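What follows is the residue order along each chain.
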Amino acid sequence: EPEVTQTPSHQVTQMGQEVILRCVPISNHLYFYWYRQILGQKVEFLVSFYNNEISEKSEIFDDQFSVERPDGSNFTLKIRSTKLEDSAMYFCASRGLNTGELFFGEGSRLTVL
Amino acid sequence: AQKVTQAQTEISVVEKEDVTLDCVYETRDTTYYLFWYKQPPSGELVFLIRRNSFDEQNEISGRYSWNFQKSTSSFNFTITASQVVDSAVYFCALSEARSGGYQKVTFGTGTKLQVIP
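As the structure is a computational prediction, the values presented were derived from the model and not from experiment.

Visitor: Explanation requested: the overall build of chain A in the structure shown.
Guide: Looking only at helices and strands, chain A features zero helices and eleven strands. The linear arrangement of helices and strands in chain A, starting from the amino end, is β-β-β-β-β-β-β-β-β-β-β. Here the C-alpha radius of gyration of chain A, 13 Å, is about what a compact globule of 113 residues would show, namely 13 Å. Across the 113 residues in chain A, those meeting the buried criterion constitute 45%. For chain A, contacts bridging at least 24 residues in sequence account for 52% of all contacts bridging at least 6. For chain A, the exposed area adds up to about 5,700 Å²; of that, 45% sits on carbon and sulfur atoms. For chain A, the distance from the average site of its 10 positive side-chain charges to the average site of its 15 negative ones is 3 Å.

Take a look at the structure:
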């Protein structure tokens, strides 16, 4: 069964460092998303991406964040200068044209020290 | 703006009991989707069910059943004869259509279910 894959599964970084989280969505999906979940809290929408551009972004997704689809398969989330409060699980998701549900990857846990 | 409310923060039941997880939503759209996701202790988000706003039929899948009532804007989830493996956080989510086929999915705060052996 096709699935969304994310790397790394866990990354530890120092405050102020740049981090790139990578995602390979399901191959025929067209809509891509990043969500964030701070430990024990709700799953929060960060950004959605379609047709090579951002469709919508939340207040959390400030200038420190960016997304890119550098080739036909990868979808990346970059945090330019990490802060302590960026520590969270980051989930990538994708959705097909004719399906309503999002399929999530297993998440990338980011720990900022 | 869309909103999903899961008033139950944590529920504990003894194995084999039935349990219902509540979900109430708000939306101005007439076309939308509702979902339930399961997040086990391992952390991943597992899709359980999707329901579109035009289909109010209740659904049963094994021990799981869902009750969608537009009149009360609720989409409740019942687990019958609960098992320890059902212990997880369960999220209800709402998706509204946007232009170009894009949909934004908003999650509730989740209900942590603990099934005690």
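Visitor: What am I meant to see in the nonpolar core here?
Guide: In summary, soluble globular proteins display a tendency toward joint burial of nonpolar side chains. Counting residues in hydrophobic clusters, the biggest one holds 23 residues, and the most contacted among them are Trp 36, Phe 75, Phe 77, Tyr 90 and Leu 113 of chain B. Looking at this core, the elements that each hand over two or more residues are strand S2 (10-14), strand S3 (19-21), strand S5 (32-39), strand S8 (64-69), strand S9 (74-79), strand S10 (88-97) and strand S12 (111-116) of chain B. Ranked by size, the runner-up nonpolar core spans 21 residues in total, among them Val 19, Val 47, Tyr 90 and Cys 92 of chain A.

Visitor: It is not clear to me how the interface of chain A and chain B should be interpreted in this structure. Could you clarify?
Guide: Interfaces are often sized by the amount of accessible area the parts lose when they come together. Counting residues at the interface gives 21 residues for chain A, matched by 20 residues for chain B. Where chain A abuts chain B, roughly 1,700 Å² becomes buried across the two surfaces, and 57% of that area is made up of carbon and sulfur atoms. In this assembly, chain A and chain B are joined by one salt bridge. Of the charged contacts, one joins Glu 101 of chain A and Arg 50 of chain B as a salt bridge, the two residues approaching to 3.2 Å between their closest N and O atoms. The tally of links from chain A across to chain B stands at five residue pairs in polar contact (both at pLDDT 80 or more). Mapped by element, the contributors of at least two residues to the side of chain A that touches chain B are strand S4 (31-37), strand S5 (43-50), strand S6 (53-57) and strand S9 (88-95) of chain A. The residue makeup of the side of chain A that touches chain B, split by class, is nine nonpolar, seven polar and five charged.

Visitor: What am I meant to see in the state of the cysteines here?
Guide: Disulfide: a covalent bond formed between the sulfur atoms of two cysteine residues. All names here are of chain A. Taken as a whole and assessed by the stated rule, the structure comprises two disulfides over all chains. Two residues, Cys 23 and Cys 92, share a disulfide whose sulfurs are 1.9 Å apart. Judged by the sign of its S-S torsion, about -65°, the bond between Cys 23 and Cys 92 is left-handed. Of this pair, Cys 23 sits in strand S3 (residues 19-24) while Cys 92 sits in strand S9, and the two are 69 residues apart along the sequence. Owing to a relative accessible area of 0%, Cys 23 belongs among the buried residues under this scheme.

Visitor: Just checking my understanding: could you explain the pairing of S5 of chain A for this structure?
Guide: The two faces of a sheet get side chains in turn, since along a regular strand they alternate between them. Residues and elements named next belong to chain A. Most of S5 sits inside the fold, with six of its eight residues counted as buried. Relative to S5, S4 runs antiparallel, the two sharing seven bridges. Each residue of the ladder has a partner; that of Arg 36, found in S5, is Glu 44. In sequence, S4 turns back onto S5 through a hairpin of five residues, with Gly 40 there showing a positive phi of about 80°. As consecutive antiparallel partners, S5 and S6 are separated by two residues, and within that stretch Asn 51 has a phi angle of approximately 55°, a positive value.

Visitor: Mind showing me how you'd approach the pattern of salt bridges here?
Guide: Side-chain pairing between opposite charges can occur once the charged atoms of the two side chains come close. All names here are of chain B. Scanning the model with the defined rule gives five salt bridges over all chains in all. Of the charged contacts, one joins Arg 51 and Asp 55 as a salt bridge, the two residues approaching to 3.4 Å between their closest N and O atoms. Exposure remark for Arg 51: the relative accessible area of 7% places this residue in the buried category. For Asp 55, a relative accessible area of 26% translates into the label partly exposed. What emerges from the salt-bridge pattern is a single network uniting Arg 51, Asp 55 and Glu 59.

About the thresholds
- Position numbers for residues start from 1 in each chain and track the written sequence from start to end.
- Labels follow written order: the first chain is A, the first ligand is 1, and so on.
- Local features in this predicted model are restricted to residues of pLDDT 70 or higher, and side-chain atom pairs are both shown and tallied only at a pLDDT of 80 or more, whereas totals for entire chains, interfaces and linings draw on every residue.
- With hydrogens and water stripped out, all remaining heavy atoms of the structure feed into the side-chain values.
- Counting from the N terminus, the helices are DSSP H or I runs at least four residues long and the strands are E runs at least two residues long.
- Values of the radius of gyration come from C-alpha atoms, whereas the globule rule sets the reference at 2.2 Å times the count of residues to the power 0.38.
- Buried residues are those whose accessible area, probed at 1.4 Å on protein chains only, stays under 20% of the maximum for their type, while exposed residues exceed 50% and partly exposed ones sit between those limits.
- Contacts are residue-level and defined by heavy atoms, with any inter-residue pair within 4.5 Å sufficient.
- Each accessible area is a Shrake-Rupley result for a 1.4 Å probe, and residues are judged covered by the shown protein chains and nothing else.
- Counted as positive: Lys and Arg. Counted as negative: Asp and Glu, with His and the chain ends omitted from the count.
- A single reference atom marks each charge: NZ on Lys, CZ on Arg, CG on Asp, CD on Glu.
- Residues belong to one nonpolar core when they are buried, are Ala, Val, Leu, Ile, Met, Phe, Trp, Tyr or Cys, and are joined through side-chain atoms within 4.5 Å.
- A simple way to read buried area is as the amount of 1.4 Å-probe accessible surface that goes missing from two parts once joined, with both sides added.
- Salt bridges, as used here, are contacts in which a Lys or Arg side-chain nitrogen is within 4 Å of a carboxyl oxygen on Asp or Glu.
- Polar contact is the term for a pair of N or O atoms within 3.5 Å; when the atoms are in protein, one must be able to donate a hydrogen and the other to accept it, and sequence-neighboring residues count only if both atoms are side-chain atoms.
- In this classification, Asp, Glu, Lys and Arg are treated as charged, Ala, Val, Leu, Ile, Met, Phe, Trp, Tyr, Cys and Pro as nonpolar, and every other residue, Gly included, as polar.
- By convention in this document, the label disulfide applies to cysteine sulfur atom pairs within 2.5 Å.
- Pairing between strands is defined by DSSP: at least two bridges between the two strands are required.

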